[in-house]
Amino acid sequence: MKAEREIVIIGAGAAGVGLGVTFTELGITDFVILEKGAVGNSFTHWPQETRFITPSFTSNGFGMSDLNAIAVDTAPSYTLGKERLSGIDYAEYLQLVSDEYQLPIEGHCTVKSIKKDQKKYLIETTKGTILANYLIFAVGEFSFPNKTNIEGADRFGLHYGEVDSWRKIEGRHQTIIGGNESAIDAALELAKLGKEVSVYTKSSGLDAKEADPSIRLSPHTRQKFVDLHVNQQVPGSIKLYTSMEIRKISRSAVGYQLITDTGASIAIDNLPILCTGFDNGAKVLASSLFACKENGEVRLNQFDESTIAENVFLTGPSVRNQSVIFCYVYKFRQRFAVIANEIAQRQGYALDQKKLDYYKQQSFYLDDCSDCEVTCAC
Ligand SMILES: Cc1cc2nc3c(=O)[nH]c(=O)nc-3n(C[C@H](O)[C@H](O)[C@H](O)COP(=O)(O)OP(=O)(O)OC[C@H]3O[C@@H](n4cnc5c(N)ncnc54)[C@H](O)[C@@H]3O)c2cc1C
């Protein structure tokens, strides 16, 4: 592996591959993508039954690329001939795109630590050390399951991201902690298998008034919930307990014990399933390179660059700009060209302007987030 690069991207998931394609298309070539597994590593680790909640449709050419495309002239719906993609499907799409654009990806190369070396960054990996002028975190969230907000969860909880298949979960009575996308998805999958599922949550996206699917439960999950649970088309059952915050999990003589915020104790038979979300991987991997807001989100400038480490950028679902949440592919892909454009300007590269205009036309370039509020008139 070459010991020095202008730009290092960490992670070859949706964001790393998408940004790599954007660099290549716009004329930036001196970069490498470091990936701890294979391309699309997170997606290959999704539970086998999980499907995309955003639909895939070949709407390219009308200023509306496939919602799950990470590159402007691609469409997983066309490539795979499918609509609701599994994690394995999507990893295949990412690999095909990486091959098509001949992206410089160094697989099975884990980034262990990062040090600032004057104006550059020294990246220590399992395959040696690389020096870079620009560092872009595309490590996502899936490798960083959040187990710290409940005492005992690290020992007595199985996180959604650790489930290989719901068919492998043993025991009739199952307990889920959390109330959003992954919790409802897990509850439905388990109820389909005839389990009796209890869901404990402080609040649920089911009740949210907001129109933004980053806050409200997606229409796909809501529809599944109504079809399968409300209309009782599953052999099992789901009981949803809202306004219930679980603070602690402990082992008991016959199973496990959940302690709520009011001090109530709930006895359960099997290891609870944690649908408590994921952390921002960049913050976990390199906390000293980012300043944080009170709510834990990292502070970024208008180019998604760290406010305390020059030339360090974040791309992917943890990006927050003004109040906009970029947690879906169709959202965060619109920031790839913003990063590319900014780096090109700093380095004095001439970008392919025609291509950049095309990106804007196809809604792949969003540099002003002030109009992104999701409102629906009815
Ligand atoms: C169950 C589930 C369903 C979802 N459904 C949808 C959906 O329908 N639509 C949608 O738009 N989004 C969906 N999302 C969100 C979407 O998957 C993420 O936003 C997307 O994967 C983020 O892309 P990323 O490249 O930032 O992260 P990832 O795809 O997680 O890629 C990060 C990469 O970084 C690598 N990495 C991590 N640490 C290191 C390290 N130290 N060194 C080297 N490499 C490292 C990982 O191996 C991984 O390949 C879903 C997420 C989940 C968990």
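What counts, and at which threshold
- Residues numbered from 1 in each chain as written.
- Predicted model: local features only at pLDDT ≥ 70, side-chain atom pairs only at ≥ 80, totals over all residues.
- Heavy atoms only, no water.
- Helix = DSSP H or I, 4+ residues; strand = E, 2+ residues; numbered from the N terminus.
- Buried < 20%, exposed > 50% of the residue type's maximum accessible area, 1.4 Å probe, protein only.
- Contact = heavy atoms within 4.5 Å.
- 1 Å grid on protein atoms, 1.4 Å probe; cavity = no way out; pocket = protein on both sides within 12 Å on 5 of 7 lines; lining within 4 Å.
- Points joined across faces, edges and corners; volume = space filled by probe spheres on them.
- Nonpolar A, V, L, I, M, F, W, Y, C, P; charged D, E, K, R; others polar.
- Pairing = 2+ DSSP bridges.
- Core = buried A, V, L, I, M, F, W, Y, C linked by side-chain atoms within 4.5 Å.
- Phe/Tyr/Trp six-rings, centres within 6.5 Å; stacked < 30°, edge-to-face > 60°.
- Lys NZ or Arg CZ within 6 Å of the ring centre and 35° of its normal.
- Axes fitted to C-alpha atoms, helices over the stretch in contact; angles between N-to-C directions.
- Domains from an automatic or database assignment.
- Buried area = accessible area lost by both parts, 1.4 Å probe.
- Salt bridge = Lys/Arg side-chain N within 4 Å of Asp/Glu carboxyl O.

Novice: Can you help me understand the environment of alanine 69 in this one?
Specialist: Topologically, alanine 69 is positioned in the loop between helix H2 (41-44) and helix H3 (76-80). Residue alanine 69 is classed as buried on the basis of its relative accessible area, which comes to 0%. Alanine 69 sits 37 residues away from glutamate 106 along the chain, and the two C-alpha atoms are 22 Å apart. With residues near it in sequence (within four places) discarded, alanine 69 still touches Thr74, Ala75, Pro76, Tyr93, Val329, Arg333 and Phe364.

Novice: How do you make sense of empty space enclosed by the protein when you look at a structure like this?
Specialist: If you roll a probe as big as a water molecule over the atoms, it shows you where there is empty space left. Overall, the coordinates contain 1 cavity of 30 Å³ or more when judged by the stated rule. Of the residues that constitute the lining of the largest cavity, the class distribution is 6 nonpolar, 5 polar and no charged.

Novice: Looking at this structure, I do not really get the sheet that holds strand E8 (residues 173-177). What am I missing?
Specialist: Within a sheet, neighbouring strands are paired by backbone hydrogen bonds and run either parallel or antiparallel to one another. Read from one edge of the open sheet, 5 strands run E7-E14-E8-E9-E10, paired in parallel fashion. With one partner strand each, in any of the chains shown, strand E7 (158-159) and strand E10 (237-241) form the two edges of the open sheet. Both E8 and strand E9 (residues 196-200) contribute to a ladder of 5 bridges, which runs parallel. Looking across to E9, one finds that isoleucine 177 is bridged to tyrosine 200.

Novice: Quick question: what am I supposed to make of the layout of surface pockets here?
Specialist: Computed from the structure, the second largest pocket encloses a volume of approximately 210 Å³. Mapped by element, the contributors of at least two residues to the lining of the second largest pocket are strand E17 (324-325) and helix H8 (329-332). When grouped by side-chain class, the residues that make up the lining of the second largest pocket number 7 nonpolar, 1 polar and 2 charged.

Novice: Is there a simple way to explain the nonpolar core in this structure?
Specialist: Soluble globular proteins tend to bury their nonpolar side chains together. Membership of the largest hydrophobic core comes to 78 residues, with the highest contact counts inside it found for Phe23, Ile70, Tyr90, Ile114, Leu135, Phe137 and Leu289. With sequence-adjacent residues up to four places away left out, isoleucine 70 is seen in contact with Ala14, Val17, Gly18, Tyr90, Tyr93, Leu94, Val97, Val329, Phe336 and Phe364. Listed in part, the 22 residues of the second largest apolar core include Ile176, Val197, Val199 and Leu217.

Novice: Just checking my understanding: could you explain the packing of aromatic side chains for this structure?
Specialist: Two measures describe an aromatic ring pair: the distance that separates the ring centres and the angle between the ring planes. For the coordinates displayed, the defined rule picks out 15 aromatic pairs. Ring geometry for tryptophan 46 versus phenylalanine 52: centroids 5.2 Å apart, planes at 35°, classification tilted. Through successive ring pairs, a cluster of aromatic residues spans Phe43, Trp46, Phe52, Tyr90 and Tyr93. Seen from the ring of tyrosine 365, lysine 360 lies directly overhead, with NZ or CZ sitting 4.9 Å from the centre.

Novice: Help me understand the sheet that holds strand E12 (residues 256-260) in this model?
Specialist: Read across the open sheet, the 3 strands follow the order E11-E12-E13; overall the sheet is antiparallel. Edge positions in the sheet fall to strand E11 (246-251) and strand E13 (265-268), since each has one partner strand and no second. Strand-to-strand twist of the sheet, defined as the mean angle between neighbouring strand axes without regard to direction, takes the value 25°. Bridging between E11 and E12 involves 5 bridges; their strand directions are antiparallel. Bridge assignment links isoleucine 246 to a residue of E12, and that residue is threonine 260.

Novice: When you look at the domain arrangement of the protein chain in this model, what are you seeing that I'm missing?
Specialist: Note: interface size is frequently given as the accessible area lost on complex formation between the parts. Segmentation of the protein chain into domains returns domain 1 (4-143 + 278-371) and domain 2 (158-274). Just the C-alpha atoms count here: the centres of domain 1 and domain 2 sit 31 Å apart. Domain 1 puts 16 residues into the contact, and the matching count from domain 2 is 18 residues. In this assembly, domain 1 packs against domain 2 so that about 1300 Å² is buried in total across both faces, 51% of it on carbon and sulfur atoms. Linking domain 1 to domain 2 there are 2 salt bridges. Between lysine 331 and aspartate 212 there is a salt bridge; the shortest N-O distance is 2.9 Å. Here the residues of the side of domain 1 that touches domain 2 sort into 10 nonpolar, 3 polar and 3 charged.

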